[in-house]
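Single-letter residue listing:
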Amino acid sequence: MRGYTKDEVIESGRAAWWRRAPLIEPSFLFVGHGFFSVTPTGERAPLTTDEVPVDGWEHYSACSCDLCLGARRDEMRAEQHAAKEN
């Protein structure tokens with residue numbers, strides 16, 4: 001699934017995270033009311049929207065918000081289109 005922008009994350013109001021690399025602990029979190037940096041020990045420090053990455057944010061894989069449901073529908077359509085072309 002594609003990464004979301006911080007504006008999409010704010011609008012969805014759902015918990016989200018941003019990772020410096022796949023499979024490592026999140027570096028930044030959004031928890032519905034604000035952004036936080038996360039240290040390797042798990043400590044959180046509040047941040048402003050100007051201090052966090054613009055895109056690449058993730059939701060839980062089973063998230064059912066409109067943003068995620070729309071992204072999954074788009075992926076399914078693309079897969080179906082690619083299958084028809086082969």
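(A) Region of interest: the sheet that holds strand β5 (residues 44-47). The sheet built from four strands is open, its strands ordered β2-β3-β4-β5 with antiparallel pairing. Edge positions in the open sheet fall to β2 (16-18) and β5, since each of these has one partner strand only. The average angle at which neighbouring strand axes cross in this sheet is 30 degrees, direction not considered. Where β2 lies against strand β3 (residues 28-30), three bridges are found, and the strand directions are antiparallel. Residue tryptophan 17 lies in a different strand from β3, and its bridge partner there is leucine 29.

(B) Here's a closer look at the packing of aromatic side chains. As enumerated under the stated definition, the model contains four aromatic pairs in all. Ring pairing ties together the aromatic residues Phe30, Phe35 and Trp57, which thus form one cluster.

(C) Spatial organisation of the nonpolar core. Within the largest apolar cluster, 14 residues are counted, with the highest numbers of intra-cluster contacts made by Tyr4, Val9, Phe30 and Trp57. Mapped onto this core, the elements with two or more residues apiece are β2, β3 and α2 (66-85). Contact partners of tyrosine 4, with chain neighbours within four places excluded, come to Val9, Val54, Asp55, Gly56, Trp57, His59, Leu67, Cys68 and Ala71.

(D) Looking closely at the pattern of salt bridges. In the structure shown here, the tally under the stated rule is one salt bridge. A salt bridge links arginine 19 to glutamate 58; the nearest nitrogen and oxygen atoms lie 3.6 Å apart. Separated by 39 residues along the polypeptide, arginine 19 in the loop between β2 and β3 and glutamate 58 in the loop between β6 (55-57) and α2 bring together distant segments of the chain. What makes arginine 19 partly exposed here is its relative accessible area of 26%. Given the relative accessible area of 31%, glutamate 58 is considered partly exposed.

(E) Summary view of the pairing of strand β4 (residues 35-38). Bridge analysis of β3 against β4 gives three bridges, and the strand direction is antiparallel. Along β4, the bridge assignment pairs phenylalanine 28 with serine 37. Between the antiparallel neighbours β3 and β4 lie four residues, among them glycine 32 with a positive phi of about 90 degrees. Bridge analysis of β4 against β5 gives four bridges, and the strand direction is antiparallel. Within the sheet, the bridge partner assigned to phenylalanine 35 lies in β5 and is leucine 47. The hairpin turn running from β4 into β5, its antiparallel successor, is five residues long, and glycine 42 in that turn takes a positive phi close to 95 degrees.

Criteria and cut-off values
- Residues numbered from 1 in each chain as written.
- Predicted model: local features only at pLDDT ≥ 70, side-chain atom pairs only at ≥ 80, totals over all residues.
- Heavy atoms only, no water.
- Pairing = 2+ DSSP bridges.
- Helix = DSSP H or I, 4+ residues; strand = E, 2+ residues; numbered from the N terminus.
- Axes fitted to C-alpha atoms, helices over the stretch in contact; angles between N-to-C directions.
- Phe/Tyr/Trp six-rings, centres within 6.5 Å; stacked < 30°, edge-to-face > 60°.
- Core = buried A, V, L, I, M, F, W, Y, C linked by side-chain atoms within 4.5 Å.
- Buried < 20%, exposed > 50% of the residue type's maximum accessible area, 1.4 Å probe, protein only.
- Contact = heavy atoms within 4.5 Å.
- Salt bridge = Lys/Arg side-chain N within 4 Å of Asp/Glu carboxyl O.

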